[in-house]
Structure formats: structure tokens, C-alpha cells
Amino acid sequence: MILLSPQNWPDYALIDSGNFEKLERFGAYFLARPEPKALWNKSLSEQEWNRLVQTRFVTGAGFGKAGKEDSGTWQMVKKMPEQWQISYNGDGFGLRMRLGLTAFKHVGLFPEQAPNWEYVYQAVRRIGGAEEAPKILNLFAYTGGASLAARAAGGEVTHLDAVRQVVTWARENMEASKMEGIRWIVEDALKFVRRQVRRGALFQGIILDPPAYGHGPEGERWKLDECLFDLLQECNAVLAPHNSFVLLNLYANGYSAVLADTLARQAFGDSGTYSFGELMLEDQCTKKLPLSVFARVER
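All values derive from a computational prediction rather than experimental measurement. (Residues numbered from 1 in each chain as written. Predicted model: local features only at pLDDT ≥ 70, side-chain atom pairs only at ≥ 80, totals over all residues. Heavy atoms only, no water.)

> Just checking my understanding: could you explain the pattern of salt bridges for this structure?
A side chain of one charge can pair with a side chain of the opposite charge when the charged atoms of the two come close. Enumeration according to the criterion identifies 18 salt bridges in this entry. Among the salt bridges present, the one from K191 reaches E218, with a minimum N-O distance of 3.4 Å. Residue K191 is found in helix 5 (residues 189-199), and its partner E218 is found in the loop between strand 13 (213-215) and strand 14 (221-223); the two are separated by 27 residues along the sequence. By relative accessible area, K191 is classed as partly exposed at 34%. Assessed through its relative accessible area of 66%, E218 is described here as exposed. With its nearest N and O atoms 4.0 Å apart, the salt bridge here joins E226 to K223. According to the relative accessible area criterion, E226 is partly exposed, its value standing at 45%. The class of K223 is partly exposed, set by a relative accessible area of 34%. Taken together, the shared-partner salt bridges in this structure form one network comprising E21, K42, E46 and R56. (Salt bridge = Lys/Arg side-chain N within 4 Å of Asp/Glu carboxyl O. Helix = DSSP H or I, 4+ residues; strand = E, 2+ residues; numbered from the N terminus. Buried < 20%, exposed > 50% of the residue type's maximum accessible area, 1.4 Å probe, protein only.)

Rendered as C-alpha cells:
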């Protein structure tokens, strides 16, 4: 069991957490957002939060309901732009990513994912020593942090998401990071992988960060509990038998790291090395906030 958090990131900090909120700094700007896992009390006073925060996400009437669990609006406390950029300097690579205030409390970046970016970069570099331009498939790829890490390591990257707007966002991040050559796909993940199975395609790296539920661009229904294992089995059919890896990340409540590991072992079989753990953020008052779980397979 591995517990990981971002390290040495000047453009990001979790300042405090508690009372179902978190106070974060992205670049020069301080944001307060709801956080269901922050069950404890805040360490800083409300006066200190109010002194720092520039915008606060206020939940809407549908908050917590299926399809609207993150809905609400941003309440501006101090003037700040609706879009801005921050940098991430990894171990051998650098990313530049555009952030923005969305209607679903997200800003286009999940900072706890930085250790996964580091893993992807090193995994692709390792494979690249044995094979030319490893083919990497990133499913549910969002705004592309993992895709950019894989591309920086020399991977031939296919970036897939069902939402055209976030694929466009990811492309902007590629350009801001002074990279090129990523293949962009707007499609349902399960449909795409099944087509690759029929074609006999193979990938040296597969990255998955599936949501709890969603819809493909043609209305395809995705529900994590019902679809995830089928997708993992299909991914096994297109994963290269040697010099390859899988990274599965899960945010859904009720999904433990042990569950992620068991899913991976059942889908990808006995050949390979397995590891699993949690991604977290530690605030400046030393409280640890667990946010997602992961499982990794290496062949």
C-alpha cells in the first residue's frame, strides 16, 4: 500500500481543510471549494480564510444529486481572472496548464494527480529504452496531465475523452507546454477499446481515470459499477505482453485501493507486477486529505 502526495510544487498548495471545505492556492490565486472528505475542523480561523480567499464555490440546489453532484456557482470575493495558467516542473519534464472556473467546482486540474504524472513519465521512459516510441492510450483523459507526461517521455500518445470541450482544453495545455504530436479522440472509451481489440492493436501503456457515471458523445451510458470490469478486460486484450504498464485511478466514493488492486489483478492476470495505494494532499497544517485510489500493473 503506497500513500503519495505532490512534492515541491511552487505553483500549488493546500492551505487548510476542514468543515467540508478546502482552501487552495493555484499560482497567485486562493480558492475555497467544497470537500466532502474534510470531516474535521478547520485549523485556520474563518477570518484567516476570508482574508486569503479570492473566490469561493457555492453549491447549487442539485448538489449531491446524480448528474449535479458538483453543481453550483463561484462567488467572487476579490478580483481575479476566470482563466489563468500554472506550471508543474517534474523530475525531467515540465507542464504548463490552463486553469478556469467551471460550473462544476473543478478548475481543470486535480493536483493530487502529480505523483501519477511522475509515474507515467518514468514508466514511458523505461519502456522507451526497449522499444521505439511506446504507444500510450489515455482513457477518460480530461485536460491531459498524464497525456502530457507520457508525451514528454517520448510516448506516441492517444488522448481520449467523451467531452469535446475538455479535449480542446487538453490541446491548449499541450501547446502551452510547447509539445506536439498527441492524437485526440472524442469517443466513448469502451466503444473505442473494443474497436482496437478487433483491429489487433497493442499499447505499451494504458491510463484510465473513469468517472462514477457519464455519457459518451453519442449518448452511450457509462456507470462505473457496471462497466469498469468489462473495460479493464478489453484493455487487457490490447495491452502489450511485455514492456508495458497500466495505471488505473478511481475517485468514486466506496472504492478502496484494495478494490482497485483486485480489479486489476482479475482483469490483467498473473503476468506482471502489481502495486496500489492512495493519492492525497497534505495541508499546511499537516492534515492529510485522501482523494483518490490507484492500482498499477507492470509487465
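> Quick question: what am I supposed to make of the packing of aromatic side chains here?
Note on aromatic pairs: each is described by the distance of the centres and the angle between the planes. Within this structure, the stated rule accounts for 13 aromatic pairs. Considering the side-chain rings of F110 and Y251, the 5.4 Å spacing of their centres and the 40° angle between planes classify their relative orientation as tilted. Of the two residues, F110 sits in the loop between strand 8 (94-100) and helix 2 (114-128) while Y251 sits in the loop between strand 15 (245-250) and helix 7 (257-268), which places them 141 residues apart along the sequence. On the basis of relative accessible area, Y251 is assigned to the partly exposed category, the value being 24%. With a centroid separation of 5.9 Å and 85° between ring planes, the pair formed by Y119 and F245 is classed as edge-to-face. Separated by 126 residues along the polypeptide, Y119 in helix 2 and F245 in strand 15 bring together distant segments of the chain. (Phe/Tyr/Trp six-rings, centres within 6.5 Å; stacked < 30°, edge-to-face > 60°.)

> Please clarify how the pairing of strand 5 (residues 55-59) should be interpreted in this entry.
Look at any regular strand and the pattern is simple: side chains alternate between the two faces of the sheet. Pairing of strand 4 (residues 29-34) with strand 5, which is carried by two bridges, proceeds in the parallel orientation. Bridging from a neighbouring strand, L31 pairs with T55 of strand 5. Viewed along the sheet, the connection from strand 4 through helix 1 (residues 46-52) into strand 5 turns out right-handed. Note: strand 5 against strand 6 (residues 72-76), five bridges, orientation antiparallel. Considered in strand 6, the bridge of R56 is made with Q75. (Pairing = 2+ DSSP bridges. Right-handed = clockwise from strand over helix to strand, strands pointing away.)

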